[in-house]
Amino acid sequence: MGSLSGGMSCIKYLLFFFNFIFWLAGSAVFAIALWLRLDKDASSLSGGSSGSIFIGEYILMGCGGLMMLVGFCGCCGAVQESQCLLGTFFTCLLIIFAAEVAAGVYGFLNKDKVVSLVKDAYKVVQEEYITGKDNDTLPAIHKSFNCCGDGINISKINDTCPDNGKTHDCNLKIEENLNKKMYIIGVVGLGIAGIMIFGMIFSMLLCCAIRNSRDVI
């Protein structure tokens, strides 16, 4: 088996470092998803019993787990100089990249639908508080968004309002915060997509270099 040239050895260690960071990012995504699902206050802020958001949290867990697996394959493939693992890493990264682009386009085109979904979830939480089914979620939402009610049943939920004398409309605050968060998510998503492209390029360069080095007698 031939040895890699100096440039390819550098790419090998760069790819290992990239995958280690990717594995850490996957671990962070998985941990955040677990926190949203298990922590009482975080679960309240993410929509309580809303089915769509509940499913979204498990999708986030799955994405985090997949990122950890891909990062592990990439690290092992780079260190062991395994064409099979590097090929698997490239394929998985390409699938994740395509899914990220598709999700980004869908989210951008359906931004109003996402905002409407969260507003509907807030309305359900408000009704559950008024009927006595849930007494914890609504105060947590009001505290987080610094708002109180939607201007309709304000007298029935006045005791959940923040103690600062302000009563911003929660529908407006939800829309404002989501638009701001979506912008941040979009910028972060573009950054991650760029890193993925470099990862795919490096993995293919290293894979070709390993194949060529093994052809050398």
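The rules we used
Residues numbered from 1 in each chain as written. Predicted model: local features only at pLDDT ≥ 70, side-chain atom pairs only at ≥ 80, totals over all residues. Heavy atoms only, no water. Helix = DSSP H or I, 4+ residues; strand = E, 2+ residues; numbered from the N terminus. Expected span 1.5 Å × (residues − 1). Buried < 20%, exposed > 50% of the residue type's maximum accessible area, 1.4 Å probe, protein only. Arc of directions from axis to C-beta. Disulfide = S-S within 2.5 Å. Contact = heavy atoms within 4.5 Å. Core = buried A, V, L, I, M, F, W, Y, C linked by side-chain atoms within 4.5 Å. Salt bridge = Lys/Arg side-chain N within 4 Å of Asp/Glu carboxyl O.

Student: Quick question: what am I supposed to make of helix α5 (residues 111–130) here?
Tutor: Think of an α-helix as 3.6 residues a turn; residues three or four steps apart then line up on the same face. Counted at 1.5 Å a residue, the expected span for α5 with its 20 residues is 28 Å, and the 29 Å between its end C-alpha atoms agrees. If you check which residues of α5 are buried, you get Val 115, Ala 121, Tyr 122, Val 125, Gln 126, Glu 128 and Tyr 129. Buried positions in α5, seen along its axis, are confined to an arc of 165° and lie on one side of it. When the buried face of α5 is taken as reference, the exposed residues oriented beyond 90 degrees from it are Asp 112 and Lys 113. Gly 132, located one to two residues past α5, shows a positive phi value of around 85°.

Student: I would appreciate a short explanation of the state of the cysteines in the present structure.
Tutor: A covalent bond between the sulfur atoms of two cysteines is what we call a disulfide. Scanning all chains against the criterion turns up 1 disulfide. Free cysteine: Cys 92, not disulfide-bonded; nearest cysteine sulfur from Cys 73 at 6.3 Å.

Student: So what exactly am I meant to see when it comes to helix α4 (residues 83–109) here?
Tutor: In this model, α4 (27 residues) spans 39 Å end to end at C-alpha, consistent with the 39 Å of a helix rising 1.5 Å per residue. Regarding α4, the residues found buried are Leu 86, Phe 89, Leu 93 and Ile 96.

Student: So what exactly am I meant to see when it comes to the environment of Leu 15 here?
Tutor: When you line up the elements, Leu 15 lands in helix α1 (residues 6–38). Leu 15 gets classed as buried once you look at its relative accessible area, which sits at 0%. Residues Leu 15 and Met 200, spaced 185 residues apart in sequence, show a C-alpha to C-alpha distance of 9.4 Å. If we skip the residues at most four places from it in the chain, Leu 15 touches Ala 78, Leu 86, Phe 89, Gly 199, Phe 202, Ser 203 and Leu 206.

Student: For this particular structure, what's the right way to read the nonpolar core?
Tutor: A general tendency of soluble globular proteins is for nonpolar side chains to be buried together. Core analysis: the largest hydrophobic core is formed by 18 residues, its most contacted members being Leu 15, Phe 22, Leu 93 and Leu 206. Contributions of two or more residues to this core are made by α1, α3 (51–80), α4 and α7 (170–215). Here the element with the most residues in this core is α7; it accounts for 6 residues. Grouped together as the second largest cluster of nonpolar side chains are 12 residues, Val 115, Tyr 122, Val 125 and Tyr 129 included.

Student: Is there a simple way to think about the pattern of salt bridges in this case?
Tutor: Going through the model one piece at a time under the given rule, you end up with 1 salt bridge. For Glu 175, the salt bridge is made with Lys 119, and the minimal N-O distance between the two is 3.2 Å. Taken together, the residues span a long stretch of sequence, with Glu 175 in helix α7 and Lys 119 in helix α5 at a distance of 56 residues. Residue Glu 175 is classed as partly exposed on the basis of its relative accessible area, which comes to 31%.

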